[in-house]
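Examining the three-dimensional arrangement
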Amino acid sequence: MSSPALLPLSSRRLAALSPGSSVSFYPHHRATLRLSEKFILLLILSAFITLCFGAIFFLPDSSKHRRFDLGLEDVLIPHVEQDRSAGRDGSAGPQGGGGVMVHGGGEEHRHRHREEEEQLRKMIRADHERALEEAKEKLKKSKDQIRAEIQTAKNRVAQDAKKREGKQLPQVAIPKLVGINNGDPGDPDTREKQEKIKEMMKHAWGNYRQYAWGHNELKPLSRKGHSTNIFGNSQLGATIVDALDTLYIMGLFDEFRDGKEWIEKNLDFSVNAEVSVFEVNIRFIGGLLAAYYLSGEEVFKQKAAQLAEKLLPSFNTPTGIPWAMVNLKSGVGRNWGWASAGSSILSEFGTLHLEFVHLSYLTGDPIYYKKVLHIRKLLQNMDRPNGLYPNYLNPRTGRWGQHHTSVGGLGDSFYEYLLKAWLVSDKTDTEARKMYDDAVQAIEKHLIRKSNSGLTFIGEWKNGHLERKMGHLTCFAGGMFALGADGSPNDKAGHYLQLGAEIAHTCHQSYDKTVLKLGPEAFKFDGGTEAVALRQNEKYYILRPEVIETYWYMWRFTHDPKYRQWGWEAAQAIDKYCRVIGGFSGVKDVYSSSPAYDDVQQSFFLAETLKYLYLLFSSDDLLPLDYWVFNTEAHPLPILRSMNSTMFGNMVLQ
């Protein structure tokens, strides 16, 4: 039976289907109507059921939102329940009056939801911080372990070094020492000049002693200590070590003893200082060895051996060519940043031979001789452009850097040490002599020229052409040519002695053409300009010795009085223009009658300039060249007559 509420609807629907017609109430019509009503009821019921199920599955639910929004409910809800029960969020728990209703209204629900989220964030943050602290603690332990291992290694190295330092060096017979004192020139006029040079030495040393004792150098105007990067950041008393043999030669024994006492008590090479291998070798090792040979004091030999040990790590390169600088404490080496493509410098790695040969002789350890011999062998086997040695060599690849060749700065003392390696071996090291002769032949062919007025000069080969410029440093070569004249091939001794005289004359001209009668750092031979500095940054004089060095060698080999005269002119100019109340200073412009000072008293002024001047006005029996060879810092080392070629060979084989 139909519901009364559905009948009007069915009638309206049928009427709508057949507007304007009447409904037939015949029996078969009534059966059709009954079927249609059942169908409609079924549709309505289906729709109602669908609506109910849709309400159940698709209406929003706050718990589902919580799961979808945070994605952490399954993991963190237990913590929230635990927090809630313990009251960690500040509420009284689920039973407390201050708690939030779990099934409250919408606003209360959102409030509770925010609190739970904030609590979760706090927990996550706390967990992260705890994990981070644990990780830091583990890392700290790891770092401490690493530090401990490093310190252990350092301690082991230090202990080994101390053992070596404490190790007694073998007793070696000192070569026959001739002419280590006196040197009286005989005539009163020359003796007066000699005494004047000694007085200049006392002025330089006394002011250093008063104002910069223990520092590397003196600032004579500021009257305080001075140092440059070649000595690192430590005060190693460079002037003391450099000046010792000059003091001894001049008979200033009280001053010598002061220096010796400072070295005994204060000279320590176990310092965190990055130093120039070359400069420390020629000034410190050379100075200490010379002081030992002159005085016989064992402390100097001991200190020289200790320092040499510190320099050995600089040879730890792929080629065995040493780094320019080394840290005395860590042994880490590197090259100068300005050097071509990370190269080592020819004049630096090539100026170790004299000192290292003597180190092997005195210590009985062949390692020093092997190091320098390896350098020589490597250079022998390399191709040389035009027979010349470029100034730069990469210690990693063993290849030349830019093809810049100079007998002045960057190259100079390499050639000097080839000759002196032959001399110190009592002329048995013929390999060194041949390398020297071949190099000089190439220098004559490609670098030595005459100016328009006939001045002989040594230019520099740069970028495929000859630069007509000569440096003050190059002026040492006059003395080198004279020293190497004896033993030169093809009986050319006279030729090389004459070449030395011509270089001495050119360098004297560079002095004579200035207002102060002191030579500039570099001078040109372009057009009408000869032996004159053109650039402002080449007009300075920093108490350099090279010109006076050549005067002395030329005097020894010729006894021509002009060399003493030229030396005296230079000594007077230094005393007049470089002397200040606190010592001696370099000047910034030798062409100015009122020059500015550079306020530096270089250690080599006491080691070289004043020593060569003193020897120039002394008799030839003071340090005769038949028995002594001077290193490039003017430190005299005896010729090793007992160290013949067989002994050299045995040292290499050990």
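Look a little higher up for the structure.
Quick look at the structure, then. Note that the structure is a prediction, hence the values are computed from the model and not measured.

Taken as a whole and assessed by the stated rule, the structure comprises seven cavities of 30 Å³ or more. Estimates place the volume of the largest cavity at around 150 Å³. Around the largest cavity, the lining comprises 14 residues; the ones closest to its centre are Gly 350, His 353, Val 372, Arg 376 and Leu 418. For the lining of the largest cavity, the secondary structure elements donating two or more residues are helix 13 (367-380), helix 14 (412-424) and helix 15 (430-446). By residue class, the composition of the lining of the largest cavity is 11 nonpolar, two polar and one charged.

Relative orientation of the contacting elements helix 6 (residues 188-211) and helix 20 (residues 603-616) amounts to 165 degrees, with a least axis distance of 9 Å. When the axis of helix 6 is compared with that of helix 20, the two are roughly antiparallel. Seen along the crossing, helix 6 lies across helix 20 with a hand that is left-handed. Across the interface between the two elements, Gln 194, Ile 197, Lys 198, Met 200, Met 201, Ala 204 and Trp 205 from helix 6 touch Phe 605, Leu 606, Leu 610, Leu 613 and Tyr 614 from helix 20. Taken together, the residues of the contact of helix 6 with helix 20 break down into 10 nonpolar, one polar and one charged.

Evaluation of the coordinates by the stated rule reveals 27 aromatic pairs. Each ring, one from Tyr 248 and one from Phe 256, has its centre 5.1 Å from the other, and the planes form 65 degrees; the classification is edge-to-face. By the burial criterion, Tyr 248 is buried, and Phe 256 matches it. A centroid spacing of 6.3 Å and a plane angle of 70 degrees characterise the contact between Tyr 389 and Tyr 415, whose relative ring orientation is edge-to-face. With Tyr 389 in the loop between helix 13 and strand 7 (392-393) and Tyr 415 in helix 14, this residue pair connects regions lying 26 residues apart in the sequence. Classification of Tyr 415 as buried rests on a relative accessible area of 2%. Sitting over the face of the ring of Trp 568, Lys 193 holds its NZ or CZ atom 5.3 Å from the ring centroid. Across from the ring centre of Trp 422, 4.5 Å away, lies the NZ or CZ of Arg 433, which sits over that ring.

What follows concerns helix 8 (residues 253-266). With 14 residues, helix 8 extends 20 Å from end C-alpha to end C-alpha; this agrees with the ideal 20 Å at 1.5 Å per step. Listed in full, the buried residues belonging to helix 8 are Glu 255, Phe 256, Gly 259, Lys 260, Trp 262 and Ile 263. Projected onto a plane normal to the axis of helix 8, the buried residues spread over an arc of 160 degrees and lie on a single side. Turned more than 90 degrees away from the buried face of helix 8, the exposed residues are Asp 254 and Lys 265. Where the residues of helix 8 are buried, they touch helix 6, helix 7 (238-249), helix 9 (277-295) and helix 10 (298-311).

Moving on, we come to the sheet that holds strand 4 (residues 325-327). Strand order in the open sheet formed by three strands is 3-4-5, and the pairing between neighbours is antiparallel. Sheet topology places strand 3 (274-276) and strand 5 (333-334) at the edges, where each strand pairs with a single neighbour. As judged from the two bridges shared by strand 4 and strand 5, these two strands associate in the antiparallel manner. Bridging across to strand 5, Met 325 finds its partner in Arg 334. Along the sheet, helix 9 makes contact with strand 3 and strand 4, crossing strand 3 at roughly 70 degrees.

Moving on, we come to the pairing of strand 15 (residues 529-532). Bridge count for strand 14 (residues 522-526) against strand 15 is three bridges, and the pairing is antiparallel. Within strand 15, the residue paired with Asp 526 across the bridge is Thr 529. Count of turn residues in the strand 14/strand 15 antiparallel hairpin: two residues, of which Gly 527 carries a positive phi of about 60 degrees.

A few words now on the layout of surface pockets. Each pocket or cavity is described by its volume, and for the largest pocket that value is around 1,200 Å³. What lines the largest pocket is a set of 45 residues, among which Gly 409, Leu 410, Leu 473, Glu 521 and Arg 544 lie closest to the centre. Breaking the lining of the largest pocket down by element, the ones donating at least two residues are helix 9, helix 11 (346-349), helix 14, strand 11 (460-462), strand 13 (469-471), helix 18 (546-558) and helix 20. Ranked by residues supplied to the lining of the largest pocket, first place goes to helix 9 with four residues. Grouping the constituent residues of the lining of the largest pocket by class yields 16 nonpolar, 13 polar and 16 charged.

Our next topic: the environment of Lys 469. Looking at the secondary structure, you find Lys 469 in strand 13. For Lys 469, a relative accessible area of 12% gives the class buried. Lys 469 sits 64 residues away from Ala 533 along the chain, and the two C-alpha atoms are 9.2 Å apart. With residues up to four places along the chain from it excluded, the contact list for Lys 469 reads Ile 458, Gly 459, Glu 460, Ala 522, Phe 523, Lys 524 and Glu 538.

What follows deals with the pattern of salt bridges. Side-chain pairs of opposite charge can arise where the charged atoms are in close proximity. With the rule as written, the count across this model stands at 33 salt bridges. Two residues, Glu 279 and Arg 283, come together in a salt bridge whose shortest N-O distance is 2.9 Å. Residue Glu 279 and its partner Arg 283 are located together in helix 9, separated by four residues, close to a single helical turn. An identical accessibility class is assigned to Glu 279 and Arg 283; each is buried. Among the charged side chains, a network of salt bridges with common partners joins Lys 196, Glu 199, Asp 575 and Arg 579.

We now examine the state of the cysteines. Across all of its chains, the model carries one disulfide by this definition. With its sulfur 2.0 Å from that of its partner, Cys 475 forms a disulfide with Cys 507. Between Cys 475 and Cys 507 the disulfide shows an S-S torsion of about -100 degrees. By sign, it is left-handed. Of this pair, Cys 475 sits in the loop between strand 13 and helix 16 (477-483) while Cys 507 sits in helix 17 (residues 493-512), and the two are 32 residues apart along the sequence. According to the relative accessible area criterion, Cys 475 is buried, its value standing at 1%.

All right, on to the sheet that holds strand 8 (residues 404-405) then. Reading across from one edge, 8-11-12 is the order of the three strands in this open sheet, with antiparallel pairing throughout. The outermost strands of the open sheet, each flanked by one partner alone, are strand 8 and strand 12 (465-467). As paired elements, strand 11 and strand 12 share three bridges and run antiparallel to each other. Within strand 12, the position partnered with Glu 460 by the bridge is Glu 467.

With that settled, consider helix 14. Here helix 14 is 13 residues long and its end C-alpha atoms lie 19 Å apart, about the 18 Å a rise of 1.5 Å per residue gives. Within two residues after helix 14, Asp 426 carries a phi angle of roughly 60 degrees, on the positive side.

Thresholds applied
Residues numbered from 1 in each chain as written. Predicted model: local features only at pLDDT ≥ 70, side-chain atom pairs only at ≥ 80, totals over all residues. Heavy atoms only, no water. 1 Å grid on protein atoms, 1.4 Å probe; cavity = no way out; pocket = protein on both sides within 12 Å on 5 of 7 lines; lining within 4 Å. Points joined across faces, edges and corners; volume = space filled by probe spheres on them. Helix = DSSP H or I, 4+ residues; strand = E, 2+ residues; numbered from the N terminus. Nonpolar A, V, L, I, M, F, W, Y, C, P; charged D, E, K, R; others polar. Axes fitted to C-alpha atoms, helices over the stretch in contact; angles between N-to-C directions. Parallel < 35°, antiparallel > 145°, perpendicular 65-115°, else oblique. Left-handed = near helix turned anticlockwise from the far one by under 90°. Contact = heavy atoms within 4.5 Å. Phe/Tyr/Trp six-rings, centres within 6.5 Å; stacked < 30°, edge-to-face > 60°. Buried < 20%, exposed > 50% of the residue type's maximum accessible area, 1.4 Å probe, protein only. Lys NZ or Arg CZ within 6 Å of the ring centre and 35° of its normal. Expected span 1.5 Å × (residues − 1). Arc of directions from axis to C-beta. Pairing = 2+ DSSP bridges. Salt bridge = Lys/Arg side-chain N within 4 Å of Asp/Glu carboxyl O. Disulfide = S-S within 2.5 Å.

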